[in-house]
Amino acid sequence: MNLIKIKKTLLISLSVVALASCSRQPANNEQLPKEVSYNFHIRPILSDRCFKCHGPDANQRKADLRLDEEAAAFAGLKKNPGAHVLVAGKPDQSELFLRIATTDTAEVMPPPSSNLSLTAFEIKLIKKWIEQGAKYQKHWALIPPQQVTVPNSVSDWPKNEIDHFIMAKLNEKGLEPSEEAEKERLLKRVSLDLTGLPPSIQQQEEFLADQSSAAYEKVVDQLLSSKHYGEKMAVQWLDLARYADTHGYQDDGLRTMWPWRDWVIHAFNSNYSYDKFLTWQLAGDMLPNPTKEMLLATGFNRNHKITQEGGVIDEEYRIEYVTDRTNTFGKAFLALTFECAHCHDHKYDPISQKDYYRTFAFFNQVAEKGYQGDIYSGTAADPPRMKITSEDVDKILKFINKKDTTPVKVMVMKDSSLYRPTHVLVRGAYDAKGEVVGFGTPSAILNFDTTRFAKNRLGLAQWLLDDKNPLTARVFVNRIWQEFFGRGLVKTSGDFGMQGELPTHPELLDWLATDFTKNGWDVKRLVKQLVMSATYRQSSATTKGKQAVDPENIYLSHMTRARLGAEFTRDFVLATSGLLNEEIGGPSVKPYQPKGLWEIATSGRGLTKYIQDHGDKLYRRGMYTFIKRTVPPPAMLVFDGSNRDQCEVKRNRTNTPLQALVMMNDPAVLEASRVLAEKIMVSNNSMDENITVAFRTLVCRTPKSEEIKIFKTFFDSEKKLTTTEKKDQLIKLGEFKHAEIKDKESLAAFIKVIMTMYNMEETITKS
Amino acid sequence: MANEFFERHLNINRRHFLGKLGLGFGSAALGSLLIPDLFSGKEEDIASLGIPHFAPKAKRIIYLFQNGAPSQLESFDYKPTLIKMAGQDLPASIRNGQRLTGMTSGQAKFPLVGSHFSFQQYGKSGAWVSEIFPNIAKIADELCFIKSMHTEAINHDPALTFMQTGAQQGNRPSMGAWLSYGLGSDNKNLPAFCVLLSRGKGNGQGVYSKLWTNGFLDSIHQGVQFSSSEEPVLYLNNPSGIDKDDRRRILDNLSQLNSMAYEEFGDPEIQTKIQQYELAYRMQSSVPELTDLTKEPDSIVKLYGAECLVPGTYAANCLLARKLSESGVRFVQLYHQGWDQHGNMVGEMPMQAKDVDRASAALVLDLKQRGLLDETLVIWGGEFGRTNYCQGDLSKDNYGRDHHPRAYTIWMAGGGVKPGTVYGETDEFGYNIIKDPVHVNDFHATVLHLMGLNHEKLQYKHLGRRYRLTDIAGKVIPGILA
C-alpha cells in the first residue's frame, strides 16, 4: 500500500471529523434496515438537514412547508395542489424524495447554499421509508417511558436486570460480554466511582481475602455509606449548577455560596430522594413553612454569574440572570436546548419562543436587581439572601462547615410580592418587549395544567415530577449512567431533542427510569443497581475484534477505561500519599498554584492577589479548591474541569501533553511523591518491598515481577546517578513536615521511582 | 483486498481517535508521527483535506488586543470639529437614541471634547495619526485602518467576549480556538493557539480566561498562556533536583511500563498517552529555547526597544509573538490592559501609547524584514470606541470618555490586507459611521477568509446546533483585501 493512498484515506476521514463532527456517518456498505423507523432512521436526517427551514420555527419556514408534523407533510403543496410532499408507498410521487434525489442543482434539497447535503445511503433510507408507508412517530423522548419487560437471556452472565438488556444488544451485534475484572481492579474502579478515593492496601487485602459471594456487595455498601460518597456525587451536580466562589464577569468579586455546596454533599450523603432534592432546589422557599435548609437549597438558582462592572444597564443584566436560570432549568432537568428559543422559535424541537418566555416567567419573579453595586459597594451575597449564624449551624444546618462565629450570608430565591409581567423579548433583546405571557412550559413535553400545578416554581417542580413528564427521570438516570460508564445511554446527555443522539439501549433507559420513579426516586438504590451489574464489573481489556465492531464500546462488551476527572486526579494524589485532609465542606481553599496568574489578569479590583494557603488547607480535596471564574484553577482546566461559567452536564475527556506536564511538575504531585517515599521508607523494609508497597498504594494492585524489576533497576541506577546537590533538592519538595530518613541517597532515588509511578497511565485511570 | 481492509481499519481508528482529540495540537502531532508531513501545509494536502476552503492569504495571526478600548479620537480618527465645538452639547440628532452606560446616563450635559493631542497625515495614503503614536505613524503605508468598526455591547466584559468569541455571553470558542480546530498547528512541538498578557499603567479592566477558551471544542484548542519569564508555560519546568537527563530516564521507564499496559488492555488511549509524554518532553526543550529573548541581536532589541528584555512587558510579548509565529504558531493572542480612560485622558493616554507604539510598529517591520509579513496577519485594536463627549465635567486641562459601541478604529497589516488603506468613515463628530460599516461578525468573517476559511463552513455541531464564529451573520469585507 503506497503512502499517498494512506494519506488520502486519512485526509478524508479528517475532513469528515472537521466538518460534520457527527458520528452518524454510516459506512458505505451499510445495509438498509428491514423496517425503517421514523424515530431511529428518518427523523435524525430530517431534523439535521431539513427542519431548519421546514421545521418548527415559523419565522424561518420556507415555501410554507413543514416536515416535522405529519399532517402538514402529507398535505398537498399550497402552490401546487396537485403535487404532494409525501405519498405513502410512492416515492416517485413524493416531492420530498424527488427533490433530494435530483441532480438538478436548482431543484435539489437541501440547496447547495446551505452547505448541507444528504448521502446516497440517507436518500435510499428515505425512499424505503416512503415505500413502507412514510409513518411518523412522536419523538422518542417526548413519549413517557413505558413499562418494559426485561429480556430473557439464557446465559448465566447477568447479575441483575441491566445485564439482560445489555446481553440482548450484545447478541444482536454478535458481541460477547467480558469476564469479571480482577478483584483489585474492580475494587479500585468501584472505590473511585463511589467516593472518588482509591482503596488503601488494607482495603485491598481485606477484599482479596474475602472469598464469600457477598464480598463485592459488602464493599459497595461500605462505600455507599462513606461520607465521601456525597463528595463524589456532588461534583457533577456542581458543574450542572455552575457553582463557583466568585461572581464572574470582569471584576469577579468574592461570593459565599459554599454553604450551598455543603448542602449538596449532605443531600447525597443523606440519600435525599431525587424528587425532594429537585423540589428543594427549585422551590424550597415555596414549601409550607420552609426551613432554613429548604431555603439554602434554593441557592441553586443563584449560582449564575453576577456583574459588578460599573456603568452596566440594570435591566440588561437582570434579564441575563433570568435567562441563565431558564436555560439551566432546560438543560439540567429536561436535557433540552431551551436557550435556542431565547431569540426565536426553536428550529428543531417543539419549543416556541412563547414557550420559552412562559418558562422564563417562573424565574422572572425574584426580588432582585441586575446591578447591586460595583466591587467596592457590592457584597459577597446579593439580595435576596439568607443569614446563617452559628446557632443555625448548631441546631439545623449541622452539615455546614462554618469555622468561626461570624455569620455568613448566602444568596437564595425569594419571589417579589409584586407580580412582574413577563414579555416575549423580540430577538432576545432585553429592551425589545413583545407580547405579555403567563406561566407555562412547552406543551409538547407535558401541558402545564394550571388546575393541577401551582403557577409558581413549586408548580414547575410538580410538573417536572409528574408521572406523565417524559423527561425528568430519563434525563437523571442517563446522567448517572454516564457518571459510571463514561457515556450516557443517550450520548448527548444535555440534548434529548431531535438533534441529540438516539439512545443506544432505549428499553434499558425506560426500564431504569420507571424503576427509579417506582422506587421513590432513590438515588443510592439506582447507583447500587449500576455498580452491582455484571456489565459494570466486566474487565476493561479489549480485543482488536471488539474494537473493529464497536470502537467506541457503545454496546459495553467490556468496561470502558477512563482517566480520572480533574478534581479526582488531585484527590488521588493526596489520598495515596497520605496527605489528604478528609474534612468535608467549608470555605474554599487556595492550594499551590503557579505564580502570577491572578495578578496578571486582574482588573486591579477585588481579588487581585492569589494568597496561597498553608498547612492543612493545602491538602483538601479538589472540589474545595477556590474557583475564581475569570482565572479558574489552571491544572483543573488542563484536565477538562469546568470553568463554571454556565450549566454543564458533561465534560470532555482529552489526552494532552499539558496533562503530562502537570503530572510531571505540579508541586502537589512532587510533594506527594516525597511524602509517600518517606512514609514507606520509615518502615525500614527492603527496597523490593518498598517498591511493592508504593505500587500497591498507587496502582492499587499487586505488581507483576516485570514491573518490580523495572523499578528496582531504575532505583539502583538513580541512586548512583543522583548528585548530592540534586538529592538535597529532591528530599525538600513541598511544605509538609519531613519524616526522619537516614539514607538520603535511597530516599532521593525512591522519590523518582514514585514520581514515575504517579505518571503511569494506569495509575490515574479506572481500568 | 488486503489494502482495502487496511484502509478501512485505519479509517475507523483515525475517526475514533480524532473524535476524541479533535483536530489540532495533539492530533496533528500524532498524525505527523504516523505520516511525517501530514500537516506540512503542502498544497495538495491542504486541497484534499477540504480545509482551508480556498487558498489562504495569511497562514498565521498575531492579534494585538488593546484591552479596555483605546480612544479612536486620540489615536487614528481625527475630528477637528470636536475641537471647534469643544464644550458644546452633543446634538440630539447625532446621538439619535444611542443607549448610554450607567456611568454617563445621569449626565445632564454631554459636552463635546476634541483631542488634546495633535494629528498629522502620514505616508502615501495620507492616514491621520496622533502625535502619541509616532512609530505607528511611520509605518502608515503598511497598515489598513478600519475606522468603521461597530459592536453591540456597551460594557467591557460582553464587548471583549463578543470580539473574541463572536458572542457576548456564553462559553463559545475563542477565535484562536476556532483556528486551531480548523487549521491545526504548523509546529508539532507547540500549541496552535498561544496567549500573552501584559498590563499598562492606565485604568485597567481585567482579562478572563474565557476569552481564550475552547468552549465546546476539545480542550486541546484552549489558548495556552506563554510568557518570556522563567516558566514560559505552566508546569513546564522540571523541579529542582530533576534535570533533562533525569527526565529522559524517567520517561524511558514510563514508556516501557505504559507499553505493558497497552499490551494488556489494548486501549488506544494508552498509545496516545505515550506520545503526549514525548511531546511534553520535547516542549520542555523547545519552548524555553524559543521564549529566551536574551539571545536576540542588538538590532532587534533596538527595534522593539530595551523594554523587550523585561519579561511581561508589551514589548517583550510582541517580540515573543514574532518568535512563536515564526515557529508556526497559528494564532498568537496578546492582551494589553489599561485603555479605559473614563477620566484623565491627558495623563494616561500618552503613557499607554508609549507602552505599545514602538513595539507594535517594530513587530510589523520585523515581520517584513523577515519576509513573513505577507503570510502573517497582524491585528491591532480594542473592544469598542469611546464617546466624543466628556464623561463628567469638562475641565480646562483634562477630560475622559465613556464607552461607545457605534464606531471605533482598528488596524490590520500583512497577510492579505490592502496596505496603506483607510477603510470606512465616521461623521464629523466621530460618533456615527457614514461609510462602509464593519460589524464584529464581518470582521470575523474577513479574518477567517484571509486564513482560507469560509466562515459559514467552519462550524461545529454542539448540542444539536451548528455553531460558527460568526454565529448567524457576518460578511467578508472585500474593500480591505489586497
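Since the model is a prediction, treat every value here as computed from it, not as a measurement. For every chain, the first residue of the written sequence is number 1, and numbering continues from 1 onward in sequence order. By the order in which they are written, chains take letters starting at A while ligands take numbers starting at 1. Selection of residues for local features in this predicted model requires a pLDDT of at least 70, selection of side-chain atom pairs for listing and counting requires 80 or more, and totals for whole chains, interfaces and linings are taken over all residues.

### As for the overall build of chain A
1) Next: From N to C terminus, chain A includes 32 helices and eight strands.
2) Next: Its C-alpha atoms give chain A a radius of gyration of 28 Å, within 12% of the compact-globule value 27 Å for 767 residues.
3) Next: Viewed in the frame of its principal axes, chain A has a C-alpha envelope of about 95 × 70 × 50 Å.
4) Next: Buried residues are those with 20 or more other C-beta atoms within 10 Å of their own C-beta, exposed residues have 12 or fewer, and partly exposed residues lie in between; C-beta atoms are placed from the backbone. Relative to its full complement of 767 residues, chain A shows a buried share of 52%. Only runs of H or I of at least four residues qualify as helices and only runs of E of at least two qualify as strands under DSSP, and these elements are numbered from the N terminus. Radius of gyration means the value over C-alpha atoms here, while the globule rule gives 2.2 Å times the residue count to the 0.38 power.

### Looking at the domain arrangement of chain A
A common way to report how large an interface is uses the accessible area buried once the components associate.
Residue and element names in this part refer to chain A.
1) Next: Throughout the structure description, domain borders are defined by an automatic or database domain assignment. By the assigned domains, chain A splits into domain 1 (25–137), domain 2 (161–179 + 471–549), domain 3 (183–225), domain 4 (229–465) and domain 5 (665–766).
2) Next: Taken together, the contacts link nine residues of domain 1 with seven residues of domain 4.
3) Next: When the residues that make up the side of domain 1 that touches domain 4 are grouped by side-chain class, the tally is three nonpolar, four polar and two charged. Working definition of a contact: two residues with C-beta atoms, positioned from the backbone, lying within 7 Å. Each residue is assigned to one of three groups, with Ala, Val, Leu, Ile, Met, Phe, Trp, Tyr, Cys and Pro labelled nonpolar, Asp, Glu, Lys and Arg labelled charged, and all others, Gly among them, labelled polar.

### Brief notes about unusual backbone geometry
Residues and elements named next belong to chain A.
1) Next: With an omega dihedral of -10°, the bond running from methionine 109 to proline 110 counts as a cis peptide bond.
2) Next: In this model, proline 383 is joined to proline 384 through a cis peptide bond whose omega is -5°.
3) Next: Tracing the backbone shows proline 384 in the loop between α16 (353–363) and β3 (385–388).
4) Next: One non-glycine residue, tyrosine 249, adopts positive backbone phi at about 55°.
5) Next: Mapped onto the secondary structure, tyrosine 249 falls in the loop between α11 (227–240) and α12 (258–269).
6) Next: Residue tyrosine 249 is classed as buried on the basis of its 25 C-beta neighbours within 10 Å.
7) Next: With a phi angle near 55°, aspartate 252 is a residue other than glycine that sits in the positive phi range.
8) Next: Examined against the element boundaries, aspartate 252 turns out to sit in the loop between α11 and α12.
9) Next: The class of aspartate 252 is buried, set by 31 C-beta atoms lying within 10 Å.

### A look at the pairing of strand β9 (residues 385–390) of chain B
Residues and elements named next belong to chain B.
1) Next: Among the six residues that make up β9, six are buried, leaving the element largely enclosed by the rest of the structure.
2) Next: Here a strand pair is declared whenever DSSP counts at least two bridges between the two strands. In this sheet, strand β10 (residues 401–404) lies alongside β9 in antiparallel orientation, the contact comprising three bridges. Bridge pairing links arginine 386 to histidine 403 in β10.

### Quick look at the environment of isoleucine 445 of chain A
Residues and elements named next belong to chain A.
1) Next: Mapped onto the fold, isoleucine 445 is located in the loop between β6 (433–437) and α18 (457–465).
2) Next: On the basis of neighbour counts, which here come to 22 C-beta atoms within 10 Å, the residue isoleucine 445 falls in the buried class.
3) Next: The sequence separation of isoleucine 445 and proline 470 amounts to 25 residues, and the corresponding C-alpha distance is 6.8 Å.
4) Next: Ignoring any residue separated from it by four or fewer positions in sequence, one finds isoleucine 445 in contact with Leu142, Leu334, Asn469, Pro470 and Leu471.

### Remarks on the confidence of the model for chain A
1) Next: Across the chain, each position has a pLDDT score giving the predictor's confidence in that residue, from 0 to 100. Summarising the model, chain A shows a mean pLDDT of 93, and 96% of its residues fall at 70 or more.
2) Next: Under a pLDDT of 50 for its full length, residues 1–28 of chain A has, in the predicted model, 41 contacts with residues more than four places off or in other chains.

### Section: the environment of valine 224 of chain B
1) Next: Here valine 224 of chain B shows up in strand β6 (residues 224–225).
2) Next: For the pair valine 224 of chain B and leucine 234 of chain B, spaced 10 residues apart in sequence, the C-alpha to C-alpha distance is 8.5 Å.
3) Next: For valine 224 of chain B, the contacting residues outside a window of four places in its chain are Leu658 of chain A together with Pro191, Phe193, Cys194, Val195 and Val233 of chain B.

### Examining the nonpolar core
1) Next: To define a nonpolar core, we join buried Ala, Val, Leu, Ile, Met, Phe, Trp, Tyr and Cys residues through C-beta atoms within 7 Å and take the resulting set. By size, the foremost hydrophobic cluster in this structure holds 195 residues, and its most contacted members are Ile754 of chain A together with Val129, Cys144 and Val378 of chain B.
2) Next: The residues touching cysteine 144 of chain B, leaving out its near neighbours within four places in the chain, are Trp411, Met412, Ala413, Val417, Lys418, Pro419, Thr421, Tyr423 and Ile480 of chain B.
3) Next: Within the second largest apolar cluster, 122 residues are counted, among which are Met233, Phe484, Phe516 and Val649 of chain A.

### A look at helix α15 (residues 314–334) of chain A
Three- or four-residue spacings in an α-helix give side chains the same orientation, since the helix completes a turn every 3.6 residues.
Residues and elements named next belong to chain A.
1) Next: With 21 residues, α15 should cover 30 Å at 1.5 Å per step; its first-to-last C-alpha distance of 30 Å lies within 8% of that length.
2) Next: For α15, the tally of buried residues reaches 16 of 21 residues, placing the bulk of the element in the interior.
3) Next: Backbone geometry just downstream of α15 places alanine 335 in the positive-phi region, at approximately 50°. Working rule for helices: expected span equals 1.5 Å times residues minus one.

### Considering the pairing of strand β4 (residues 143–150) of chain B
Residues and elements named next belong to chain B.
1) Next: Within β4, eight of the eight residues are buried, leaving the element largely enclosed by the surrounding structure.
2) Next: Relative to strand β11 (residues 408–414), β4 runs antiparallel, the two being bridged by five bridges. Looking at β11, one finds that isoleucine 146 is bridged to isoleucine 410.
3) Next: One ladder, built from three bridges, connects β4 with strand β12 (residues 421–423); its direction is parallel. For cysteine 144, the partnering residue across the bridge sits in β12 and is threonine 421.

### Here we look at the confidence of the model for chain B
1) Next: When pLDDT is averaged along chain B, the result is 88; 89% of the residues meet or exceed 70.
2) Next: Overall fold confidence (pTM) sits at 0.88, and the ipTM for the predicted complex is 0.89.

### A word on the environment of aspartate 355 of chain B
All names here are of chain B.
1) Next: Assignment of secondary structure puts aspartate 355 in helix α13 (residues 345–369).
2) Next: Note: C-alpha distance between aspartate 355 and methionine 260 (95 residues apart in sequence) is 54 Å.
3) Next: When neighbours within four sequence positions are excluded, aspartate 355 is seen to be in contact with Gly200, Tyr314 and His336.

### Considerations on α12 of chain A
Residue and element names in this part refer to chain A.
1) Next: Here α12 is 12 residues long and its end C-alpha atoms lie 17 Å apart, about the 16 Å a rise of 1.5 Å per residue gives.
2) Next: Across the 12 residues of α12, 12 count as buried, placing the element largely inside the fold.
3) Next: Buried residues of α12: Trp258, Pro259, Trp260, Arg261, Asp262, Trp263, Val264, Ile265, His266, Ala267, Phe268 and Asn269, and no others.
4) Next: Where the residues of α12 are buried, they touch α11, α13 (274–283), α14 (292–297), β3 and β4 (408–411).
5) Next: Trailing α12 by a residue or two, asparagine 271 shows a phi angle of about 50°, which is positive.

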